[in-house]
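Next come the chains, spelled out residue by residue.
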Amino acid sequence: MSSVGGSDIMTTEMQEIAITEEKPLLTGQADSTKDAELVARILLDQGQEHSVETPHGVLHVTLHGTRTTRRPAILTFHDVGLDSKSCFSHLFKFEEMQEIVKNFTLIHIDAPGQEEGAADYPAGYQYPPMDTIAEMIPAVLQFFNFRTVIGVGVGAGAYILSKFTLANPDSVEGLVLINIDTNARGWIDWAAQKLSSVTSSLTEQILSHLFSQEELSSNTDLVQSHRERISKASNLVNIELLWKTYNSRRDLNIDRSSTFKCPVMLVVGDQAPYEEAAVECNSKLDPTTTSFLKMADAGGLPQLTQPAKLTEAFKYFIQGMGYMASSCMTRLSRSRTTSLSSSYSMDGSRSRSRTLSQGSQGGQMPPSPSQTMEVSC
């Protein structure tokens, strides 16, 4: 009798399992294939969040797409006062960016303790310096089994990706550096920062780092939203630690003879806080593999204020490395004449230029003079 009872229980459990499996993934959807595709799309939009162990601590990383691809991943690193979502979601969810997103895996790294909802570090915690954070990135590539990446960094993130690239040249096929400052803070900057820390709140200091003076004076909606987000952040202690670490950065020590081995696109708004620093960085890089995009009406965060223009330039950059066929270049090719082919320096003199749509061999940018592109369309 007991064996029969056990058999009845097993039959009941099997029936329950079968019933569960027969339920549609989404209520009201009859086609299970469409259901699966919809769920997969939702998961892709949300991303897969991971905690990646590195030799120097844990990093919060979000993966969009699949690990199984022969192409390099697009690896992003955010700026101070931002996390991967607030820094890059608007750009990579932009409609015309989908031509790139659907063909590449996205790996978004959050600096230690900067992800949304992160717990505050305890008092006395020694936050890792910029160099150490850069040394954490190889573990991320190993975790996701990617040999190479195309880096996209903003501000502090641009500096960190630059350090990583200089130390691991074979791991980076291309770099997009927005608001890069390769220099350590001088004595004047240090004194100004000390004074600012006394007269201004942490939130206002970071806003001055992120936005142009024009944006701050106008108190745009974007400035207001970031002021509220930063001031009310649950991990404000961690944000301050990263801010102090960034302000303690060292010189990158790059020049024409010791520079990046991959194509580089420098991006900065024409009124951005780090416009002069980006111009100086451009002068230090190899002119045959460097493109400089100075964007009009972009403010301090061009990836948020001018996603269309940045997407266009990024598509050309990707195509220059041989990863996008010219047939994929839609609106970009139509607007090329008015937006990218003619460029002038700030004093009105003609700059040597080329568009990023030129083909290349061997995955490298074709040799050409250094370019400056001012996009005002």
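Placed above this text is the structure.
Basis of the calculations
- Residues numbered from 1 in each chain as written.
- Predicted model: local features only at pLDDT ≥ 70, side-chain atom pairs only at ≥ 80, totals over all residues.
- Heavy atoms only, no water.
- Helix = DSSP H or I, 4+ residues; strand = E, 2+ residues; numbered from the N terminus.
- Buried < 20%, exposed > 50% of the residue type's maximum accessible area, 1.4 Å probe, protein only.
- Contact = heavy atoms within 4.5 Å.
- Pairing = 2+ DSSP bridges.
- Right-handed = clockwise from strand over helix to strand, strands pointing away.
- Phe/Tyr/Trp six-rings, centres within 6.5 Å; stacked < 30°, edge-to-face > 60°.
- Lys NZ or Arg CZ within 6 Å of the ring centre and 35° of its normal.
- Core = buried A, V, L, I, M, F, W, Y, C linked by side-chain atoms within 4.5 Å.
- Axes fitted to C-alpha atoms, helices over the stretch in contact; angles between N-to-C directions.
- Parallel < 35°, antiparallel > 145°, perpendicular 65-115°, else oblique.
- Nonpolar A, V, L, I, M, F, W, Y, C, P; charged D, E, K, R; others polar.
- 1 Å grid on protein atoms, 1.4 Å probe; cavity = no way out; pocket = protein on both sides within 12 Å on 5 of 7 lines; lining within 4 Å.
- Points joined across faces, edges and corners; volume = space filled by probe spheres on them.
- Salt bridge = Lys/Arg side-chain N within 4 Å of Asp/Glu carboxyl O.

Draft legend 1. Broad picture of the overall build of the protein chain. Along its length, the protein chain carries 16 helices and 9 strands. The proportion of buried residues among the 377 residues of the protein chain is 51%.

Draft legend 2. Representation of the side chain of Asp270. Inspection of the secondary structure assignment puts Asp270 in the loop between β7 (264-269) and α13 (275-284). Apart from residues no more than four positions distant in its own chain, Asp270 is found in contact with Glu275, Lys294, Met295, Ala296 and Asp297.

Draft legend 3. Structural context of the pairing of strand β8 (residues 290-295). Of all 6 residues in β8, 6 are buried, a share of seventy percent or more. Side chains of β8 alternate between two faces, with Thr290, Phe292 and Lys294 and Ser291, Leu293 and Met295 buried alike. Where β7 and β8 come together, 6 bridges link them in parallel fashion. Bridging from a neighbouring strand, Val264 pairs with Thr290 of β8. The parallel pair β7 and β8, bridged by α13, forms a crossover whose chirality is right-handed.

Draft legend 4. Up close: the packing of aromatic side chains. Taken as a whole and judged by the stated rule, the model has 5 aromatic pairs. Aromatic pair Phe104 and Tyr323: ring centres 6.0 Å apart, planes at 80°, arrangement edge-to-face. You can see Phe104 sitting in the loop between α4 (98-101) and β4 (106-110) and its partner Tyr323 sitting in the loop between α15 (307-320) and α16 (331-339), a full 219 residues away along the chain. On the basis of an interplanar angle of 10° and a centroid distance of 4.0 Å, the ring pair of Tyr121 and Tyr125 is categorised as stacked. The class of Tyr125 is partly exposed, set by a relative accessible area of 32%. In textbook terms, an aromatic cluster arises when at least three aromatic residues are bridged by ring pairs, as seen for Tyr121, Tyr125 and Tyr127. Over the ring of Phe104 we find Arg71, and its NZ or CZ is 5.2 Å from the ring centre.

Draft legend 5. Geometry of the environment of Leu252. Note that Leu252 resides in the loop between α12 (236-247) and β7. It is 8.9 Å that separates the C-alpha atoms of Leu252 and Asp181, two residues lying 71 residues apart in sequence. Once residues lying within four places of it in the same chain are set aside, the contact partners of Leu252 are Tyr159, Ser162, Lys163, Leu166 and Thr182.

Draft legend 6. Just the environment of Lys261, in detail. Considering the arrangement of structural elements, one finds Lys261 in the loop between α12 and β7. Take Lys261: its relative accessible area is 59%, and that puts it in the exposed class. Taking the C-alpha atoms as reference points, Lys261 and Pro169, 92 residues apart in sequence, are found 6.2 Å from one another.

Draft legend 7. Quick look at the nonpolar core. Counting residues in hydrophobic clusters, the biggest one holds 91 residues, and the most contacted among them are Phe92, Ile107, Ile109, Ile137, Phe314 and Ile318. Tallying contributions element by element places helix α7 (residues 156-167) first for this core, with 6 residues. When residues no more than four places from it in sequence are discounted, the contact partners of Ile318 are Ile100, Phe104, Ile150, Tyr323 and Met324.

Draft legend 8. Local environment of helix α6 (residues 137-144). All of the buried residues in α6 are Ile137, Ala139, Val140, Leu141 and Phe144. Where α6 ends, the next residue or the one after it, Asn145, has phi of about 60°, a positive value.

Draft legend 9. The pairing of strand β5 (residues 149-154), seen in detail. With 6 of 6 residues buried, β5 lies mostly within the body of the structure. Side chains of β5 alternate between two faces, with Val149, Gly151 and Gly153 and Ile150, Val152 and Val154 buried alike. Two strands pair when backbone bridges link them, and strand β3 (residues 73-77) and β5 are joined in this way by 5 bridges, in the parallel orientation. Residue pairing across strands places Leu75 opposite Gly151, the latter belonging to β5. Of the pairings in the sheet, the one linking β5 to strand β6 (residues 172-178) comprises 6 bridges and is parallel in character. Of the residues in β6, the one forming a bridge with Val149 is Val172.

Draft legend 10. Highlighting the packing of α6 against α7. At a minimum axis distance of 10 Å, the contact between α6 and α7 shows a crossing angle of 75°. Judged on the interaxial angle alone, α7 and α6 are roughly perpendicular. Facing Ile137, Pro138 and Leu141 of α6, the residues of α7 in contact are Ile160, Leu161 and Phe164. The residue inventory of the contact of α6 with α7, partitioned by class, reads 6 nonpolar, no polar and no charged.

Draft legend 11. Spotlight on empty space enclosed by the protein. The final tally for this structure, using the stated rule, is 1 cavity of 30 Å³ or more. Roughly 40 Å³ of volume is contained in the largest cavity. Forming the walls of the largest cavity are Leu91, Phe92, Val152, Val176, Leu310 and Phe314. Counting only elements with at least two residues in the lining of the largest cavity, the list comes to α3 (84-92) and α15. Within the lining of the largest cavity, the residues separate by chemical class into 6 nonpolar, no polar and no charged.

Draft legend 12. Spotlight on the pattern of salt bridges. Counting across every chain of the model gives 11 salt bridges. Among the ionic pairs, Lys85 bridges to Glu49, the shortest N-O distance being 3.9 Å. With a gap of 36 residues between them, Lys85 in helix α3 and Glu49 in strand β1 (residues 48-54) connect regions that are remote in the sequence. The closest approach of N and O atoms between Lys315 and Glu99, which form a salt bridge, is 3.3 Å. One end of the pair, Lys315, is in helix α15; the other, Glu99, is in helix α4, and 216 residues separate them in sequence. Just as Lys315 is buried, Glu99 falls in that class too. In this structure, a network of salt bridges that share partners links the residues Glu49, Lys85 and Glu116.

Limitation: the analysis is restricted to geometry and does not speak to function.
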